[in-house]
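# Working through the structure, step by step
Residue-level listing of the chains:
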Amino acid sequence: IFELTKELSYRNSQRALKVARRIGESPRFAMPMAVSAIYTHFSRILRYGALKEKNRYPDKTEAAAALQGVNPFFWKEYDVAVTNYPVRKAMDAISLLCDYDYKGKGGEVGEATPGDLLTELVIKLLNL
């Protein structure tokens, strides 16, 4: 999942789809867990993006508060992610994740497998 969130941050479509398919084919794959991890990632992007809208160059204390639980080594990834998913797009991504959380728990999916849902979700996130 962390590889997937990294590829989403950089909007690397080809690698993100490859990783999503590989994760979705795993026998231990669970859609709710994947959505939860991606949600956490986008909520951090949203918080950090809101902070950077207020202060273009936040100090380390402010960045640490917005990126709570993220090792400072990965902050550069979030700088890129905020550029690729400004606040409005991050909010749209979270809304989309709520829809796929419902679908992943059995709501109105038709014949789609959890792996299909993850691939579809990734495509939609990349097209925001």
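This text goes with the structure placed above it.
Everything numeric in this text was worked out from a predicted model, so none of it was measured.

### Here we look at the overall build of the chain
Along the backbone of the chain there are seven helices and zero strands. Of the regular secondary structure in the chain, the N- to C-terminal order runs α-α-α-α-α-α-α. Relative to the compact-globule value of 14 Å for 128 residues, the chain shows a C-alpha radius of gyration of 15 Å, a close match. Looking at the 128 residues of the chain, the share that counts as buried comes to 40%. Taking the contacts inside the chain whose residues are at least 6 apart along the sequence as the reference set, 73% of them involve residues at least 24 apart.

### Looking at the packing of helix 1 (residues 2-9) against helix 2 (residues 13-25)
Following both chains from N to C, one finds helix 1 and helix 2 inclined at 155°, their axes separated by 9 Å at the closest point. When the axis of helix 1 is compared with that of helix 2, the two are roughly antiparallel. Relative to helix 2, the crossing made by helix 1 is left-handed. Residue-level contacts link Glu-3, Leu-4, Glu-7 and Leu-8 of helix 1 to Arg-15, Ala-16, Val-19, Ala-20, Arg-22 and Ile-23 of helix 2. Broken down by class, the residue content of the contact of helix 1 with helix 2 amounts to six nonpolar, no polar and four charged.

Parameters at a glance
Residues numbered from 1 in each chain as written. Predicted model: local features only at pLDDT ≥ 70, side-chain atom pairs only at ≥ 80, totals over all residues. Heavy atoms only, no water. Helix = DSSP H or I, 4+ residues; strand = E, 2+ residues; numbered from the N terminus. Rg over C-alpha atoms; globule rule 2.2 N^0.38 Å. Buried < 20%, exposed > 50% of the residue type's maximum accessible area, 1.4 Å probe, protein only. Contact = heavy atoms within 4.5 Å. Axes fitted to C-alpha atoms, helices over the stretch in contact; angles between N-to-C directions. Parallel < 35°, antiparallel > 145°, perpendicular 65-115°, else oblique. Left-handed = near helix turned anticlockwise from the far one by under 90°. Nonpolar A, V, L, I, M, F, W, Y, C, P; charged D, E, K, R; others polar.

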